[in-house]
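An overview of the molecular structure
Spelled out from the first residue to the last, the chains are:
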Amino acid sequence: MAVREIKDGIYSVGVIDWDRQVFDELVPLPEGTTYSSYLVKGSEKTALIDTVDAEFEEEFITNLARSELDGIDYIIVNNTEQDHSGALMVFLELFPGVKIITSARGADLLEVLHQIPKFRIQVVEDGDTLSLGDKTLEFMITPWVHWPDTMMTYVREDKVLFSCDLFGAHYSCSDLFVSEKCRHTLLAKRYFAEIMMPFRSKVTEYIERLSGYEISFIAPSHGPCYDDPAYILDLYTEWCTGDLKNKVIIPYISMHGSTKKMVMYLTEALIRRNVGVRPYDVGRADTGQLAMDLVDAVTIIIATPTVLTGPHPRIANIAFIANIIKPKAKFVGIIGSYGWGGKTLKDLANIMNKLEAEMFEPVCIKGLPSEDVYKSLEDLADEILKKHKDEKIV
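Model, not experiment: these values are computed from the prediction.

Secondary structure assignment for the protein chain yields twelve helices and 23 strands. Each of the three principal axes of the protein chain carries a C-alpha extent, and together these read 80 × 40 × 35 Å. Burial status across the protein chain gives 56% buried among its 394 residues. Once the 41 positive and 59 negative side-chain charges of the protein chain are each reduced to a mean point, those two points are 7 Å apart.

Right, here's the structure in full:
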């Protein structure tokens, strides 16, 4: 990746991972990702803000060589997760006098993850500053976006915010700044849904804090930079605190067709009532797309057959993910079928115990759906419509 200047003395020196397909062995990456790193050259000192994944050490070193670097005085570690700190050890060897700057939690994690001795690390507190001569770095300790050690770095003179994972987007592109806002909005929303949604109360708090700063550029750790900071700040405010939509999400799986018949009937019943609906066959669906819909859907209906005595494992996994990302949905229901019995309802309720949502009366049947079952699904559709009207979103 080419070295490019964001502003006088501030450079993007990270790398593009064009072909990565999954992150943390969990998050799909249909368009790859980037590991952003930034070089800030002051009149007296130079700081490197984050490194890159260890797999790209050689390319990263080449980028820094192209920047005509004389030396590095400080490495700012905004987050110790390995996609940001993986190449850190090689730089400690290349620059034996360099000082690592990070939060107190970051120092603890660097010792655990990379066995870096404490004497190489300088811990900063919230609001501390570091002079590079004609540039001043200010540190904001912002835990839980999305690790407990996370902090952001702000260059006062240039009004550039290095936001770490906050405001990022997982996709590979050659643009230094966001150029295709429609595309970027979708990918940034996907990133928010998969990574930031569980921490939206903290994100809201930090956005409010940033309103007190003049920001000309935002440089995140994944994806292109923002030369229009208000664009992403407004989107995050909407995703964190905005109104829910007249939308029902139905993650489902069906082994022999019974549960699918119920899902398709309920889907059609909701369409007739002008309620937005999207069924997702989790055996085939893109879980990132499903997560995006969870950002602003007011209702979730989980649909599953019974496997032995409990929910299908793939549905159990979706319920688990929904429980940990904590969407804003206000209503949850369960529908499905079984052959001889089991405790699917109890198991799913236990898995989703952190969702602050009202539960609809479940519709769980033995075997294929009958006319009575279809009547129950009509009643469920009526109840969903009523709740959406009560929320004034229909």
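There's plenty left to go through after this.
Locating S211 in the fold gives a position in the loop between α6 (200–210) and β16 (217–220). Sequence separation between S211 and L233 is 22 residues; the distance between their C-alpha atoms is 9.4 Å. Among the polar contacts made by the side chain of S211, one reaches the main-chain carbonyl oxygen of E208 at a distance of 2.4 Å.

Time to look at the sheet that holds strand β11 (residues 121–123). Strand order in this open sheet of seven strands is β1-β2-β7-β8-β9-β10-β11, and the pairing throughout is mixed. Only two strands of the sheet have a single neighbouring strand rather than two, namely β1 (4–7) and β11. The sheet shows a mean angle of 25 degrees between the axes of neighbouring strands, taken without regard to direction. Most of the contacts of helix α4 (residues 104–114) go to strand β10 (residues 99–102), to which it runs at about 125 degrees, and overall it touches β10 and β11.

Looking now at the nonpolar core. Counting 54 residues, the largest nonpolar core has F167, M196, I232 and Y236 as the members making the most contacts within it. Looking at this core, the elements with two or more residues in it are β14 (151–155), α5 (181–196), α6, α7 (229–241), α9 (287–294), β19 (297–307), α10 (313–325) and β21 (331–338). Discounting chain neighbours no more than four positions away, the residues touching Y236 are L166, F167, G168, Y191, F192, M196, V203 and I207. L266, L270, I301 and L380 belong to the second-largest nonpolar core, a separate cluster that totals 26 residues.

Applying the stated criterion across every chain, the model contains 14 aromatic pairs. Considering the side-chain rings of F192 and Y236, the 5.2 Å spacing of their centres and the 85 degrees angle between planes classify their relative orientation as edge-to-face. Taken together, the positions of F192 in helix α5 and Y236 in helix α7 put the pair 44 residues apart, joining distant regions of the chain. Look at Y236 and you get buried, because its relative accessible area is 0%. A network of ring pairs unites the aromatic residues F167, F192, Y236 and W239 as a single cluster.

With that settled, consider the sheet that holds strand β15 (residues 160–164). Ordered in space as β12-β13-β14-β15-β16, the five strands form an open sheet in which the pairing is mixed. Only two strands of the sheet have a single partner each, and these edge strands are β12 (129–131) and β16. Each adjacent strand pair in this sheet contributes to an overall mean axis angle of 20 degrees, direction not counted. In the sheet, β15 pairs with β16 via four bridges, with the strands oriented parallel.

Within the element layout of this structure, V40 appears in strand β7 (residues 38–41). Spatially, the C-alpha atom of V40 lies 6.6 Å from that of Y11, the residues being 29 residues apart in sequence. What V40 contacts, discounting residues up to four positions off in sequence, is G9, I10, K45, T46, A47, I49, L132, K135, L137 and F162.

By volume, the largest pocket is sized at about 580 Å³. If you trace the largest pocket, you find 24 residues lining it, with L26, V27, E194, I321 and I325 closest to the centre. Elements represented by at least two residues in the lining of the largest pocket include exactly β5 (27–28), α5, α9 and α10. A per-element tally of the lining of the largest pocket places α10 first, with seven residues. The calculated volume of the second largest pocket comes to roughly 260 Å³. Forming the boundary of the second largest pocket are 17 residues, of which M255, H256, S337, Y338 and G339 lie nearest the centre.

Another aspect to go through is the side chain of T299. As for its position among the elements, T299 is in strand β19. In this structure T299 comes out as buried when scored by relative accessible area, which is 0%.

So, how was this worked out
- Residues numbered from 1 in each chain as written.
- Predicted model: local features only at pLDDT ≥ 70, side-chain atom pairs only at ≥ 80, totals over all residues.
- Heavy atoms only, no water.
- Helix = DSSP H or I, 4+ residues; strand = E, 2+ residues; numbered from the N terminus.
- Buried < 20%, exposed > 50% of the residue type's maximum accessible area, 1.4 Å probe, protein only.
- Lys, Arg positive; Asp, Glu negative; His and termini not counted.
- Charge placed at Lys NZ, Arg CZ, Asp CG, Glu CD.
- Polar contact = N/O pair within 3.5 Å; in protein donor to acceptor, adjacent residues only side chain to side chain.
- Pairing = 2+ DSSP bridges.
- Axes fitted to C-alpha atoms, helices over the stretch in contact; angles between N-to-C directions.
- Contact = heavy atoms within 4.5 Å.
- Core = buried A, V, L, I, M, F, W, Y, C linked by side-chain atoms within 4.5 Å.
- Phe/Tyr/Trp six-rings, centres within 6.5 Å; stacked < 30°, edge-to-face > 60°.
- 1 Å grid on protein atoms, 1.4 Å probe; cavity = no way out; pocket = protein on both sides within 12 Å on 5 of 7 lines; lining within 4 Å.
- Points joined across faces, edges and corners; volume = space filled by probe spheres on them.

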